[in-house]
Amino acid sequence: MKNMSDIIEQYLKQLLEQSGDAVEIKRSKIAEKFDCVPSQLNYVIKTRFTSEHGYEIESKRGGGGYIRITKIESNDQGAFIDHLSAMTGQHVSQQKAEHIIDALSQNDLISDREKRLLLATIHRDTLYVDVPYRDYIRANILQNILTVIRYH
């Protein structure tokens, strides 16, 4: 059974799909719809609609406040891969790397099998070295993979 965060994420993705590339929501209305606290919605947005996942968030607080979720245009695969490469940088945490690999998969740039292989490759149990070095090695692996995907 899905938890509340999964249900809210699915609902927001449906709204995005119906509206095209962006959706504006009121935090209180969504919280009311799902009978949850607004902080639950904040959690979903902060963890599942990040730039690593291919989204841009704009928020305005106050009475007339809103949250605008925009899907980063990925029709230009080269630009999207460049965006992911910039997100990776010279060092990257396992969580951020997993988000980048998810974005590759969600945009059909890698298969499910390739996703699983990449996740195993960048995992902390595979890169069994101290943290600062592990994050540099992980970023180097991802940067090389992104280059191969971009020019293949």
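A brief look at the structure comes next.

Definitions and cut-offs
- Residues numbered from 1 in each chain as written.
- Predicted model: local features only at pLDDT ≥ 70, side-chain atom pairs only at ≥ 80, totals over all residues.
- Heavy atoms only, no water.
- Helix = DSSP H or I, 4+ residues; strand = E, 2+ residues; numbered from the N terminus.
- Contact = heavy atoms within 4.5 Å.
- Areas by Shrake-Rupley, 256 points an atom, 1.4 Å probe, with all protein chains shown as cover.
- Lys, Arg positive; Asp, Glu negative; His and termini not counted.
- Charge placed at Lys NZ, Arg CZ, Asp CG, Glu CD.
- Phe/Tyr/Trp six-rings, centres within 6.5 Å; stacked < 30°, edge-to-face > 60°.
- Buried < 20%, exposed > 50% of the residue type's maximum accessible area, 1.4 Å probe, protein only.
- Lys NZ or Arg CZ within 6 Å of the ring centre and 35° of its normal.
- Pairing = 2+ DSSP bridges.

1. Remarks on the overall build of the protein chain
Looking only at helices and strands, the protein chain features seven helices and three strands. Each helix and strand of the protein chain, ordered N terminal to C terminal, gives the series α-β-α-α-β-β-α-α-α-α. Principal axes of the C-alpha set define a box for the protein chain whose edges measure 45 × 35 × 30 Å. Considering only intrachain contacts with a sequence separation of at least 6, the fraction spanning at least 24 residues in the protein chain is 59%. Surface exposure of the protein chain reaches about 9300 Å², of which carbon and sulfur atoms provide 48%. Each charge class in the protein chain can be summarised by its mean position, and for the 20 positive and 21 negative side chains these summaries are 4 Å apart.

2. Concerning the packing of aromatic side chains
Within this structure, the stated rule accounts for two aromatic pairs. Note on Phe-49 and Tyr-55: the rings are 4.8 Å apart at their centroids and 65° apart in plane angle, and the pair reads as edge-to-face. Side by side, Phe-49 and Tyr-55 carry an identical accessibility label, which is buried. Of note, Lys-33 hangs over the ring of Phe-34, and the distance from its end group to the ring centre comes to 5.9 Å. For Lys-71, the ring lying beneath its charged end belongs to Tyr-55, and the centroid distance is 4.9 Å.

3. Structural notes on the pairing of strand 3 (residues 66-71)
Pairing of strand 1 (residues 22-25) with strand 3, which is carried by four bridges, proceeds in the antiparallel orientation. Bridge pairing in strand 3 places Val-23 opposite Ile-69. In this structure, strand 2 (residues 55-60) lies alongside strand 3, joined through six bridges in antiparallel fashion. When the sheet's bridge partners are listed, Glu-58 is paired in strand 3 with Arg-68.

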